[in-house]
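These are the residues of each chain, in order.
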Amino acid sequence: MRRDVFQAIADPSRRAILSLLAIGAMTPNAMAEHFDSSRQAISKHIKILSECQLIRQEQSGREIYYYFNSKKLKEVDKWLEPFRILWDTRFDQLDALLQKNKTKKS
Amino acid sequence: MIATKETIYTKDPSNKKLKVVREFDAPLQKVWNAWTKSDLLDQWWAPKPWKAVTQSMDFRDGGTWLYYMQGPDGERHYCRADYKSVVPNKSFNYYDAFCDEKGNIKNDFPRTLWNCQFSSTGSGTKVEVELNFDSEADLQKLVDMGFKEGFAMAHSNLDEILANN
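Residues numbered from 1 in each chain as written. Chains lettered and ligands numbered in written order. Predicted model: local features only at pLDDT ≥ 70, side-chain atom pairs only at ≥ 80, totals over all residues.

A. Spatial organisation of the overall build of chain A. When helices and strands are counted, chain A shows five helices and two strands. The order of α-helices and β-strands along chain A, N terminus first, is α-α-α-α-β-β-α. Looking at the 106 residues of chain A, the share that counts as buried comes to 24%. When contacts within chain A are restricted to residue pairs at least 6 apart in sequence, long-range pairs at least 24 apart make up 53% of them. (Helix = DSSP H or I, 4+ residues; strand = E, 2+ residues; numbered from the N terminus. Buried ≥ 20, exposed ≤ 12 C-beta atoms within 10 Å, placed from the backbone. Contact = placed C-beta atoms within 7 Å.)

B. Just the nonpolar core, in detail. Ranked by internal contacts, the top residues of the largest apolar core, which has 23 residues, are Trp87, Leu94 and Leu98 of chain A together with Phe24, Val31, Ala34 and Trp44 of chain B. Every residue in contact with tryptophan 87 of chain A, bar those within four places of it in the chain, is listed here: Thr7 and Val20 of chain B. Counting residues in each nonpolar core, the second largest holds 13 residues, with Met26, Met31, Ile42 and Phe68 of chain A among its members. (Core = buried A, V, L, I, M, F, W, Y, C linked by C-beta atoms within 7 Å.)

C. Examining the sheet that holds strand E3 (residues 51-57) of chain B more closely. Residue and element names in this part refer to chain B. Spatially, eight strands are ordered E1-E2-E8-E7-E6-E5-E4-E3 in an open sheet, and the strand pairing comes out antiparallel. The open sheet is flanked by strand E1 (8-11) and E3, the only strands paired with a single partner. Averaged over neighbouring strand pairs, the angle between their axes works out to 20° when direction is ignored. Bridge count for strand E4 (residues 64-70) against strand E5 (residues 76-87) is seven bridges, and the pairing is antiparallel. Bridge pairing in E5 places threonine 64 opposite aspartate 82. In the packing of helix H1 (residues 28-36) onto the sheet, contacts are made with strand E2 (17-24), strand E6 (91-99), strand E7 (113-120) and strand E8 (125-132), and the angle to E7 comes to roughly 160°. (Pairing = 2+ DSSP bridges. Axes fitted to C-alpha atoms, helices over the stretch in contact; angles between N-to-C directions.)

D. Fine view of unusual backbone geometry. With phi around 65°, glutamine 53 of chain A is a residue other than glycine that occupies positive phi space. Within the element layout of this structure, glutamine 53 of chain A appears in the loop between helix H4 (39-51) and strand E1 (55-60). We classify glutamine 53 of chain A as partly exposed; it has 15 C-beta atoms within 10 Å. Its identity as a non-glycine residue notwithstanding, asparagine 89 of chain B has a phi of 60°, on the positive side. Counting through the fold element by element, asparagine 89 of chain B comes out in the loop between E5 and E6.

E. Just the pairing of E7 of chain B, in detail. Residues and elements named next belong to chain B. Examined bridge by bridge, E6 and E7 share five bridges and lie antiparallel to one another. Bridge pairing in E7 links serine 91 to glutamine 117. Pairing analysis gives eight bridges linking E7 to E8, with the strands arranged antiparallel. Along E8, the bridge assignment pairs cysteine 116 with valine 129. Between E7 and E8, which pair antiparallel and follow one another directly, the connecting turn spans four residues.

F. Spotlight on the environment of proline 110 of chain B. Within the secondary structure layout, proline 110 of chain B lies in the loop between E6 and E7. Look past the residues within four positions of proline 110 of chain B in its chain and what remains in contact with it is Phe133, Asp134, Asp138 and Lys141 of chain B.

G. Representation of the packing of helix H2 (residues 12-23) of chain A against H4 of chain A. Residues and elements named next belong to chain A. At a minimum axis separation of 10 Å, H2 and H4 run at an interaxial angle of 75°. Here H2 lies roughly perpendicular to H4, going by the angle between them. For the pair H2 and H4, contact is made by Ser13, Arg14 and Ile17 and by His45, Ile48 and Leu49, respectively. Looking at side-chain class alone, the contact of H2 with H4 contains three nonpolar, two polar and one charged residues. (Parallel < 35°, antiparallel > 145°, perpendicular 65-115°, else oblique. Nonpolar A, V, L, I, M, F, W, Y, C, P; charged D, E, K, R; others polar.)

H. Expanded view of H1 of chain B. If you check which residues of H1 of chain B are buried, you get Val31, Trp32 and Ala34 of chain B. Down the axis, H1 of chain B shows its buried residues gathered within 160° of arc, on one side only. (Arc of directions from axis to C-beta.)

I. How the structure looks around the pairing of E4 of chain B. All names here are of chain B. Bridging between E3 and E4 involves six bridges; their strand directions are antiparallel. Each residue of the ladder has a partner; that of threonine 54, found in E4, is tyrosine 67. Taken together, E3 and the strand that follows it, E4, pair antiparallel across an intervening segment of six residues, in which glycine 62 is found at a positive phi of about 80°. The hairpin formed by E4 and E5 contains five residues between the paired strands, and glycine 74 there has a positive phi angle of roughly 85°.

Listed below in structure tokens is the structure:
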């Protein structure tokens, strides 16, 4: 199955995992402690995040630590950037218009 | 006071939907009018330095908005919106399209279904726009196009900054 970054971050639990790992590397057990979901569910999220390279793992002794790969997340921004510029500009113009009409009538 | 609100962009896992959510600091009726009345749309719909110019507007179920976007070098892109259903002050949806000046649709570009929803919040109005694509490739095409426009805009903003300093 094809995986991409957007699919990965579409899920709120996976976004939460990313915010956790953004603070520091963690073992799967430590991550699971932060969630009500089953350990199995968390493993599945970890697997998806790894497949999209949003996180990477490193062995340290007997434990596996997961790291947040911020470089990969930047791709999301890059992808959306043009679209974002277009809409942000458009909406700023609408803000200005609404503001203008407000002062005109009051 | 003009507060710039945050716009939230979400891409659906299917890669066929893109959602844009934004709040505006004005009552619902005014925001609704800005999205549905051509004289107001002309004032904000095209991102600078482009301008939107309405040719005809028939805002109702089955009606059409025909307009063009004029670029800084005078080039024109004709577009149309075919409204499917309109629920006053609540929602409307339509298919967009590029067309010629008579409104004949150019089929080489994918059409997107737009769902626009409006709701009052405590302090203003929330607008949710959902863009639906037939395929992932169609979405990519739109983004590529946005890139070109975004690039042009970035330059115009730079011009403005340079002119003001």
